[in-house]
Amino acid sequence: MDYSQFLVMKQEICLLVLFLLVFLNDTFLPRKAQSGIGLITCILFAVFTLGGFCPAMMPDGVAVAFSGMYETSPVIFAIKNILNIGVFIVLIQSLRWNSSEKQTMRRGEFYELLLITLFGMYLMISARHFLLFIIGLETASLPLAAMVAFDKHRYESHEAAVKYILTAVFSSAVIMMGLSFVYGMTGSLYFSGISGSIAIGNAPIVPLVIALAFVIAGMGFKLSLVPFHLWTGDVYQGAPTSVTSYLSVISKGSAAFAFLVILWQVFGSVYADAWEWMLYALIVLTITIGNLFAIRQRNMKRFLAFSSVSQAGYIMLGIIAYNAMGMAALMYYILVYIFSNLAAFGVIGAIENKTGKVSMDDYNGLYKTNPRLAVTMMLAMFSLAGIPPFAGFFSKFFIFTSAINQGSVAIYVLVLIALINTIVSLYYYLLVVKAMFIKTEEECTIATFRSALSERVGMWICLAGILGLGIVSFFYDSLLTISGC
């Protein structure tokens, strides 16, 4: 075996080294010295994230390892760097919660589980063989169930963990059922091998459609696509807020990139015959039902859960536009979504850590008692809704533009439905703004308080992203260049 192949996996190797440093710190240092493990992890991960933008680290072109099972390229490298930015923000925002007294005995486990799930997501994105993809999928999914159940003294956390693990198990089983059909028809688990067999007609179209339906259903669970979304609200509500924020952006983003690769590199040759209309129906249902359910929510974490369901539908618009513009739009959308959603979760987490309140009604008149938190939440809502000049407007603009470049009448109708749903989403995002700024005649149940420094730093980074990405247009151009345009 040529061990030099491991040098292709620069990001994975560096991440494992970081994991081992955190693990050794947690295992062998005295308990009194472990109070700083969160800050140490943040510093190490910041160095790791910044190193990912070093030109010397980025590959010059496509590089493969293990007989083509693993692949990396500038665009894959950039995708992982985008996920790293989101993980770094989550780590900062979780410092206050994970440094609390009730987390003393399991402080290190949170960071270790988080880094292992990120490693699995890396494998999912770089996999070009379904065996490696399944290994990455399970490595990412199983530790997340433990993270969801991290607050072991709350019944809701236990319930959320059970629902998540059952969903993860069933979705993985559904995916593997579909892959068994694909393997039976093509005799290969390599993405290129399956695609080649399908292209020359070795796979009958009807069994292929059935197999593809299983694969899309399994990935639909990971992305919270309708009708595979019913676990999302309960899991987001029951999990600790730091875990919920990680689930909502990092897990969803990695699944979206992996889904794009699978659909186009494996099944792209039967796009019009097998999965075009299947995907159109999923997108319409996901955006519409996600919006309708979000309107009815009063718990802020459930509210953002169904908001994320709707956002998953917009993400899918980038997936159906598989070209350089579609890839760049998807990467830009995920990056903006990371900043916008984590800004909202940063406010929710700061308020929950101080007061324990997560109801939208508790936010009535928040501007009077905590104006900075109210303004941060308002900007996050505006960006998620796509109001100019914030970054969310441009992310939706680019994702719609990339989709309509397909040129068919059906795609124009699909984008029109998505635009109408954007107006609906504006209504429920503004409900939060109304509670904070307009319902000032009602007494706010959240007293004035000062959030922790780590929470403020996380929100500052998110606000910089929301405002900066709406102004600095060359960043999208850079993503377009990396994507091959």
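Up top is the structure.
I will try to describe carefully the structure that is included in this document. (Residues numbered from 1 in each chain as written. Predicted model: local features only at pLDDT ≥ 70, side-chain atom pairs only at ≥ 80, totals over all residues. Heavy atoms only, no water.)

1. What to know about the side chain of glutamine 93
Moving on, step 1. Among the structural elements, glutamine 93 can be located in helix α3 (residues 74-98).
Moving on, step 2. Since its relative accessible area comes to 9%, glutamine 93 is described here as buried.
Moving on, step 3. A distance of 3.0 Å separates a polar atom in the side chain of glutamine 93 from the backbone oxygen of leucine 342.
Moving on, step 4. Dropping the residues within four chain positions of it, glutamine 93 is found in contact with Ser242, Leu342, Gly346, Glu455, Gly458, Met459 and Cys462. (Helix = DSSP H or I, 4+ residues; strand = E, 2+ residues; numbered from the N terminus. Buried < 20%, exposed > 50% of the residue type's maximum accessible area, 1.4 Å probe, protein only. Polar contact = N/O pair within 3.5 Å; in protein donor to acceptor, adjacent residues only side chain to side chain. Contact = heavy atoms within 4.5 Å.)

2. Here's the deal with the nonpolar core
Moving on, step 1. Judged by nonpolar contacts, the single largest core of 171 residues is most densely connected at Phe133, Tyr246, Leu317, Met377 and Met381.
Moving on, step 2. The biggest single contributor to this core is helix α13 (residues 324-355), with 21 residues.
Moving on, step 3. Discounting chain neighbours no more than four positions away, the residues touching leucine 317 are Ile283, Ile399, Phe400, Ala403, Leu414 and Ala418. (Core = buried A, V, L, I, M, F, W, Y, C linked by side-chain atoms within 4.5 Å.)

3. Things to note about the environment of aspartate 60
Moving on, step 1. Following the sequence through the fold, aspartate 60 ends up in the loop between α2 (37-51) and β1 (63-65).
Moving on, step 2. For aspartate 60 and serine 73, which are 13 residues apart along the polypeptide, the C-alpha to C-alpha distance reads 7.4 Å.

4. Points about the packing of aromatic side chains
Moving on, step 1. Under the definition given, this model contains 23 aromatic pairs.
Moving on, step 2. Ring plane angle 80° and centroid distance 5.2 Å describe the contact between tryptophan 97 and phenylalanine 110, whose orientation is recorded as edge-to-face. With tryptophan 97 in helix α3 and phenylalanine 110 in helix α4 (residues 107-126), this residue pair connects regions lying 13 residues apart in the sequence. The residues tryptophan 97 and phenylalanine 110 share a single accessibility class, namely buried.
Moving on, step 3. Taking 5.1 Å as the distance between ring centres and 80° as the angle between the ring planes, the aromatic pair formed by phenylalanine 393 and phenylalanine 394 counts as edge-to-face.
Moving on, step 4. According to the relative accessible area criterion, phenylalanine 393 is partly exposed, its value standing at 30%.
Moving on, step 5. According to the relative accessible area criterion, phenylalanine 394 is partly exposed, its value standing at 25%.
Moving on, step 6. Every member of this aromatic cluster is reached through a ring pair, and the members are Trp97, Phe110, Tyr111 and Phe150.
Moving on, step 7. The ring of tyrosine 122 has lysine 80 lying over it, and the distance from NZ or CZ to the ring centre is 5.3 Å.
Moving on, step 8. The ring centre of tyrosine 314 lies 4.9 Å from the NZ or CZ of lysine 396, which sits over that ring. (Phe/Tyr/Trp six-rings, centres within 6.5 Å; stacked < 30°, edge-to-face > 60°. Lys NZ or Arg CZ within 6 Å of the ring centre and 35° of its normal.)

Limitation: the analysis is restricted to geometry and does not speak to function.
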